[in-house]
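# Coordinate inspection notes
What follows is the residue order along each chain.
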Amino acid sequence: MTALVPYEQALEAYEPVIGLEVHVELGTNSKMFCGCPTEFGAEPNTQVCPTCLGLPGSLPVANKKAIESIIRLGLALNCSIAPWCRFARKNYFYPDMPKDFQISQYDEPICVEGYLDVEVEGKTYRIGIERVHLEEDTGKSLHVGGATGRIHGASHSLVDYNRAGIPLVEVVTKPVPGTGALAPEVAKAYVTELRDICKTLGISDVKMEQGSLRCDANVSIAPRGATEWGTRSETKNVNSLRSVERAVRHEISRQAGVLDAGGRVVQETRHFQEDSGTTVSGRSKETAEDYRYFPEPDLVPLAPSADWIEELRAALPELPTARRRRLQGDWDLTDLDMEALINAGALDSVEETVAAGASAEAARKWWLGEIARRANEDGVEVSALPITPADVAAVVALVDAGSLNDKLARQVIEGVLAGEGTPEQVVASRGLAVVSDTGALGTAVDAAIAANEGIAEKIRGGKVQAVGALVGAVMKETRGQADAATVKALILEKLGVSE
Amino acid sequence: MAITRDEVAHLARLARLDLDEAELAQMAGQLDAILGAVARVSEVASDDVPPTSHAVPLTNVLREDVVAPCLTPEQALSGAPAAQDGRFRVPRILGEEP
Ligand SMILES: [Zn+2]
């Protein structure tokens, strides 16, 4: 195996081109061509019928909701919708389809020629969409007898066809050149945006961890200034947004290593390894597959009318780009502030926190501060942490009411994240509240003035900015459980000075 | 010849059929005759008749997204040569996922 070239060094010599194939399982109630339910996690082979098992005499009929969903997605991705197209049979021998073929689309995809704009570091990248087509998902195989549950070394396999026949949309981009060192970030931003669009359209639950959104990343590199693109690898098994970024980054370094050593990049399928962040070689694609596609004889062509398409277009919800533009305006944020919020995956959380009564500024501060830091440490999305927008809004309300200061609020957030309950419960159990008892505070202020007579004298003489030292002394005395503004006002009042 | 011996060998491999030389030659001859017969259709096809894949002039035959009863796992597995743990048991898979 050739050595990896450090990423920055690889980018000095080579220019990457990326391409992404994303599979989205639609969230229909029933399967694509039969009435079997589509629940995730059901007992094996409890959601199957003669049609999805490919038993003789059964006939498929296309699910109207699935067709509607893919047309809506195509419209959201600025695609043209084919006025007439057909399903095709993809023939292969592999037991994940009991029919020995998969119903897919071949040279007549339902949506073509679209684009999606994504923003990375203040720059917009237009990702061309080549096609969006509809197919049926395959069954799941369990390989038995091998060392790691992998196919290699297995004695036999056990197949569950619950997933076989669930509608699956494939979105294929055109090759994307010109992203340079940002190729991994652009790839991640694209998949994120596509996921958000599917979520907004309500066509899929797009849970990467459950496989309802799956991504293959194609990467090639060519020497800078070259007129032709390099040979590409296709990395499968990229099952999280972070993995998309890592897989592209790794492939660039790996391919640079191969080329630097005088080798040539092999056109092949590679598998991403979540633990090591590397890819390992799968099947060579030097010889093109021969799936012997032909028009599916059991299904008649699709011919969505212009009226139907326009009806679907008119009913599209506000898409993520428009929503972001609106929120950025409402919250009065700069482009960079907005991007930070999106990169932290905190847009929904902040919006919900604001809806729960917090100011945009306060909501943003907590989600991008304490909470984002924790999410980063744990390697999860902020939304996966055990704190809700309502919790954050409650903390903000306590701060606004003067019952918590910043430092205490941080401890409350910490407590909620640690599973100690709601903000109110954490405040009670940890005994966190601003000392607002003016008697106790007064005593502490008197003590601070007495202990720092020199400073007090300066303040009386008009050097009001010296008050900070006295405030600090009081805060220390009350272990931070006082409101700094209240303390300051109290000191000035006692010294008979106004600001 | 409309189809060569090598093309038949390729198709046999795709279909996972183990054909010996004699069978390949026999199949090539038979397939050639079939293709020749079908080719006569293109002789009468004129430019104003678009190629068709379906015999009935229908489009958009769709069903509503409604769940229908399925088979029980017992029924589903009843025709399987082998089953284990509620799943279809298949021989060791050679080669990779498609
Ligand atoms: Zn079914």
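That block above? That's the structure.
Note that this is a predicted model, so its numbers are computed, not measured.

A count of helices and strands for chain A gives 16 helices and 15 strands. A globule of 499 residues ought to have a C-alpha radius of gyration of about 23 Å, yet chain A, at 29 Å, is considerably larger. Based on the C-alpha atoms only, the size of chain A along its principal axes is roughly 95 × 55 × 50 Å. Taking all 499 residues of chain A together, the buried fraction comes to 53%. Summing over all exposed atoms, chain A offers an accessible surface of approximately 22100 Å²; the carbon and sulfur share of this is 50%. Taking the 51 positively charged and 72 negatively charged side chains of chain A as two groups, their mean positions are separated by 2 Å.

A separate point is the packing of aromatic side chains. Residue and element names in this part refer to chain A. As enumerated under the stated definition, the model contains 5 aromatic pairs over all chains in all. Their ring planes at 80° and their centres at 6.1 Å tell us that Y291 and Y293 sit as a pair that is edge-to-face. According to the relative accessible area criterion, Y291 is buried, its value standing at 13%. What makes Y293 partly exposed here is its relative accessible area of 26%. Through pairs of rings, three or more aromatic residues link up here, namely Y92, Y106, Y291 and Y293. We note R249 situated over the ring of Y7; from NZ or CZ to the ring centre the distance is 4.3 Å.

Residues and elements named next belong to chain A. Protein-derived coordination of the zinc ion comes from C34 (SG), C36 (SG), C49 (SG) and C52 (SG), at a distance range of 2.3 to 2.4 Å. Between the 4 donor atoms coordinating the zinc ion, the angles at the centre fall across 99 to 116°, so the site counts as tetrahedral. Expressed as a motif, the donor residue spacing for the zinc ion is C-x1-C-x12-C-x2-C. Taken as a pair, C34 in the loop between β1 (14-25) and β2 (62-63) and C49 in the loop between β1 and β2 lie far apart in primary sequence, 15 residues in all. Per residue, the accessibility class of C34 equals that of C49, and both read buried.

Basis of the calculations
- Residues numbered from 1 in each chain as written.
- Chains lettered and ligands numbered in written order.
- Predicted model: local features only at pLDDT ≥ 70, side-chain atom pairs only at ≥ 80, totals over all residues.
- Heavy atoms only, no water.
- Helix = DSSP H or I, 4+ residues; strand = E, 2+ residues; numbered from the N terminus.
- Rg over C-alpha atoms; globule rule 2.2 N^0.38 Å.
- Buried < 20%, exposed > 50% of the residue type's maximum accessible area, 1.4 Å probe, protein only.
- Areas by Shrake-Rupley, 256 points an atom, 1.4 Å probe, with all protein chains shown as cover.
- Lys, Arg positive; Asp, Glu negative; His and termini not counted.
- Charge placed at Lys NZ, Arg CZ, Asp CG, Glu CD.
- Phe/Tyr/Trp six-rings, centres within 6.5 Å; stacked < 30°, edge-to-face > 60°.
- Lys NZ or Arg CZ within 6 Å of the ring centre and 35° of its normal.
- Donors = N, O, S within 2.8 Å, 3.2 Å for Na, K, Ca; no water.
- Tetrahedral: all angles 85-135°; square planar, octahedral: opposite > 155°, others 65-115°.

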